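# Inside the fold
As a plain string of letters, each chain reads:
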Amino acid sequence: MARLEFRGLHKRFDGGAVAIDDLDLAIEDGEFLVLVGPSGSGKTTVLRVAAGLELATSGDVLIGGEVVNDVAPPDRDIAMVFQTYALYPHMSVYDNMAFGLKLHKVGKGEIRTRVLAAATMLELDDLLRRKPAQLSGGQRQRVAMGRAVVREPAAFLMDEPLSNLDAKLRVEMRTYLATLHQRLRTTTLYVTHDQTEAMTMGDRVAVMRTGRLQQVDIPQVLYDRPANAFVAGFIGSPAMNLLRSRLDWDGGALAVDLGEATLPLPRSLLARRPGLARYAGAEVLVGIRPEDIEDAALVPSANGSALPVRVTLAESLGAEVIAHFPLAGAAIAESPTPEATPDTGTLLTARLSPRSGARSGQPLRVAIDLERLHFFDPESEEAIW
């Protein structure tokens, strides 16, 4: 195992497109770090530069404290798991897993020991003589992981390894991968565009946008304290609602305009976000997570702050109801993460209790948890604290 680090990493392709812009990031020894972002954010390029499949324009890649910029990919002591499995169709599962070891001149006895141990760990014991065409998608992905595991590398690089699996199998494989990492504790850099994978698997999560690192932290901090509107909109599903609003003093209290309603902000919120006082009389972006909106009939304390809406669409999912509705007088901000959010136009999204009376086309009164509001500067989109 080893620490994997990027220092001032920059990658510009022929034609001028910048894929990585001054990246400083370290994956600690034994850490599982997930690099997440929409398509085109540069996350896969970071992985390919780490593997040596792409050369950095400038900056350094370090493995175990050693700069490896000029080290060939086979000599970097890393193993990569690809999105497309990349198995040899004419080889058995055993030979696919053993192939890399043979290239490195490992003895037959050692190869057998490592392959059988990895096969047992990955529950592939009964499949070792089969060819890839005889395997399911999940089994093929486990073989691809087994081929990486037997190498006993300093670090794993995983490039969206679950994206070709169906939804149910993806959930199973997420659990499997997390359990595997707990057993091996090998330094892992995992790339995905799926923020659910990122939140459930990563010790830490790094969010990228157009080649630049936006924020890196443990999943709960990204959810609770997003650094900017982009991170706020990308982390969480359904995505955070963003409204263009303003703050004003109302009877000695700082209040926020939510559509046609003006609601006083709780003192506890202002204590956590003292910077809001500077925006009195000014515009702000207000972020409301769908799970912080509830049917007011289920919130006894919401009488004074309940807002009337008419539900455009209510989607009952059994354990919850996802409701979409306009808020009278509200100006919905354009999402900074359009790739990650559905096109709901001028509608807000709420995640309601299954006991909610929300029905498509019917009126409803909703309560917003004002303690949980997020605020961003309308120009920089940076969080206001």
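Residues numbered from 1 in each chain as written. Predicted model: local features only at pLDDT ≥ 70, side-chain atom pairs only at ≥ 80, totals over all residues. Heavy atoms only, no water.

## What to know about the side chain of Lys43
Heads up, the rule is: Counting from the N terminus, the helices are the DSSP runs of H or I reaching at least four residues and the strands are the DSSP runs of E reaching at least two. When checking whether two residues touch, look at their non-hydrogen atoms; a contact exists if any pair is within 4.5 Å.
Counting through the fold element by element, Lys43 comes out in helix H1 (residues 43-51). Non-local contacts of Lys43, meaning those with residues more than four positions away in its chain, are made with Leu35, Val36, Gly37, Pro38, Glu160, Val191, Thr192, His193 and Met208.

## Some words on the sheet that holds strand S6 (residues 78-81)
Cut-off, in case you're wondering: Here, a strand pair is defined by DSSP locating no fewer than two bridges between the strands. The axes used here are C-alpha line fits, helices contributing only the stretch in contact, and every angle between their N-to-C directions lies in the interval 0 to 180 degrees.
Here we have six strands laid out as an open sheet, ordered S6-S7-S8-S3-S9-S10, and mixed in their pairing. Two strands close off the open sheet at either side, each with one partner strand: S6 and strand S10 (212-217). When the angles between neighbouring strand axes are averaged without regard to direction, this sheet yields 20°. Alignment of strand S3 (residues 32-36) against strand S8 (residues 187-192), held across five bridges, turns out to be parallel. Bridge pairing in S8 places Leu33 opposite Leu189. Against the sheet, helix H4 (residues 137-149) contacts S6 and strand S7 (155-159), and its axis sits at roughly 175° relative to S6.

## What to know about the nonpolar core
Note the threshold: In plain words, nonpolar cores are sets of buried Ala, Val, Leu, Ile, Met, Phe, Trp, Tyr and Cys residues tied together by side-chain atoms within 4.5 Å. Burial here depends on accessible area, computed with a 1.4 Å probe over protein chains only, as a share of the maximum for the residue type. Under 20% is buried, over 50% is exposed, and the range in between is partly exposed.
Counting 48 residues, the largest nonpolar core has Met97, Val115, Tyr190 and Val207 as the members making the most contacts within it. If we skip the residues at most four places from it in the chain, Met97 touches Val115, Ala118, Ala119, Leu124, Leu128, Val143, Gly146, Arg147 and Val150. By size, the runner-up hydrophobic cluster in this structure holds 34 residues, among which are Leu243, Ala261, Tyr279 and Val321.

## Some thoughts on the packing of aromatic side chains
The description of an aromatic ring pair rests on the distance of the ring centres and on the angle between the ring planes. Note the following rule: The aromatic pairing rule takes the rings of Phe, Tyr and Trp, using the six-membered ring of Trp, and pairs them if the centres are within 6.5 Å, calling planes under 30 degrees apart stacked, those over 60 edge-to-face and the rest tilted. Charge-over-ring contacts are defined here by two conditions on Lys NZ or Arg CZ: a distance within 6 Å of the ring centre and an angle within 35 degrees of the ring normal.
For the structure shown, the criterion picks out three aromatic pairs. For the ring pair Phe32 and Tyr190, a centre distance of 5.6 Å and an interplane angle of 35° mean the geometry is tilted. Of this pair, Phe32 sits in strand S3 while Tyr190 sits in strand S8, and the two are 158 residues apart along the sequence. For the pair shown, Phe32 and Tyr190 are each scored as buried. Relative to Phe234, the ring of Phe230 has its centre 6.0 Å away and its plane inclined at 15°; by these criteria the two rings are stacked. Within this pair, Phe230 and its partner Phe234 are both found in helix H8 (residues 229-234), separated by four residues, close to a single helical turn. The pair formed by Phe230 and Phe234 is uniform in burial state, with each residue classed as buried. In this arrangement the basic side chain of Arg142 is found over the ring face of Tyr176, its NZ or CZ atom lying 5.9 Å from the centre.

## A closer look at helix H2 (residues 93-103)
Every buried residue of H2 is listed here: Val93, Tyr94, Asn96, Met97, Ala98, Gly100 and Leu101. For H2, the secondary structure elements touched by its buried residues are helix H3 (108-121) and H4. In the segment just after H2, Lys105 is the residue with positive phi, at about 60°.

## Details of H3
Inclusion rule: Expected span of a helix, by definition, is 1.5 Å for each gap between consecutive residues, and there is one gap fewer than residues. As used here, the arc belongs to the directions running from the helix axis to the C-beta atoms.
With 14 residues, H3 should cover 20 Å at 1.5 Å per step; its first-to-last C-alpha distance of 20 Å lies within 8% of that length. Among the residues of H3, Ile111, Arg114, Val115, Ala118, Ala119 and Met121 are the ones counted as buried. Buried residues of H3 fall within an arc of 160° about the axis and therefore sit on the same side. In H3, the exposed residues that point more than 90 degrees away from the buried face are Gly109 and Thr113. In this structure, the buried residues of H3 make contact with H2, H4 and helix H5 (167-184). Just beyond H3, the residue with positive phi is Glu123, at close to 60°.

## Observations concerning the sheet that holds strand S15 (residues 293-295)
Spatial strand order, S15-S21-S16: three strands in an open sheet with antiparallel pairing. Edge positions in the open sheet fall to S15 and strand S16 (307-310), since each of these has one partner strand only. If you compare each strand with its neighbour and ignore which way they point, the axes differ by 45° on average. Relative to strand S21 (residues 363-368), S15 runs antiparallel, the two being bridged by three bridges. Looking at the pairing, Ile293 lines up with Ile368 of S21.

## Some remarks on empty space enclosed by the protein
Defined as follows: Here a cavity means grid points, on a 1 Å grid over the protein atoms only, where a 1.4 Å probe fits yet cannot get out; a pocket means an open set of points with protein on both sides within 12 Å along at least five of seven lines; lining residues are those with an atom within 4 Å of a point. Grid points are joined across faces, edges and corners, and a volume is the space filled by probe spheres set on the points. Each residue is assigned to one of three groups, with Ala, Val, Leu, Ile, Met, Phe, Trp, Tyr, Cys and Pro labelled nonpolar, Asp, Glu, Lys and Arg labelled charged, and all others, Gly among them, labelled polar.
Taken as a whole, this structure holds one cavity of 30 Å³ or more when the rule is applied. As a volume, the largest cavity reaches approximately 60 Å³. With four residues, H5 is the single largest residue contributor to the lining of the largest cavity. By residue class, the composition of the lining of the largest cavity is six nonpolar, three polar and no charged.

## A short note on unusual backbone geometry
Going from Ser237 to Pro238, the amide bond is cis rather than trans, its omega being -5°. Looking at the secondary structure, you find Pro238 in the loop between H8 and strand S11 (241-250). Within the chain, Arg185 stands out as a residue other than glycine whose phi angle is a positive 55°. As for its placement among the helices and strands, Arg185 is situated in the loop between H5 and S8.

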